[in-house]
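Listed here are the chains, written in short residue letters.
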Amino acid sequence: MKLPADLPVYLFVQEHNTGVERWTEMHQAQMAEGKNGKMLLIDADHYLHHTESKLIASETIKYLESLKQ
């Protein structure tokens, strides 16, 4: 999926997904399309929003704050 270049993107990605070929590289390419792209690999199952919600929330807050500068 192609994203607008000026759209800030922070991807939270399962680190060890063996079910999809080039999983990490695919997300790295997507994140790199924008000027404020960022990606965090998380060692957890695919449903990161269930198991890592506190980490995602705190990282999102920090990321949004960094965009204000």
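Residues numbered from 1 in each chain as written. Predicted model: local features only at pLDDT ≥ 70, side-chain atom pairs only at ≥ 80, totals over all residues. Heavy atoms only, no water.

As a further point, take the packing of aromatic side chains. Considering all chains together, one arrives at two aromatic pairs under this definition. Among the aromatic side chains, those forming a connected cluster through ring pairs are Tyr-10, Phe-12 and Tyr-63. (Phe/Tyr/Trp six-rings, centres within 6.5 Å; stacked < 30°, edge-to-face > 60°.)

For helix H3 (residues 53-67), with 15 residues, the first-to-last C-alpha span of 21 Å sits near the 21 Å given by 1.5 Å per residue. Among the residues of H3, Ile-56, Glu-59 and Tyr-63 are the ones counted as buried. With its buried residues spanning 75 degrees around the axis, H3 presents them on a single face. Facing away from the buried side of H3, by more than 90 degrees, are the exposed residues Lys-54, Ile-61 and Lys-62. In this structure, the buried side of H3 is in contact with strand E1 (9-14), strand E2 (37-42) and helix H2 (48-51). (Helix = DSSP H or I, 4+ residues; strand = E, 2+ residues; numbered from the N terminus. Expected span 1.5 Å × (residues − 1). Buried < 20%, exposed > 50% of the residue type's maximum accessible area, 1.4 Å probe, protein only. Arc of directions from axis to C-beta. Contact = heavy atoms within 4.5 Å.)

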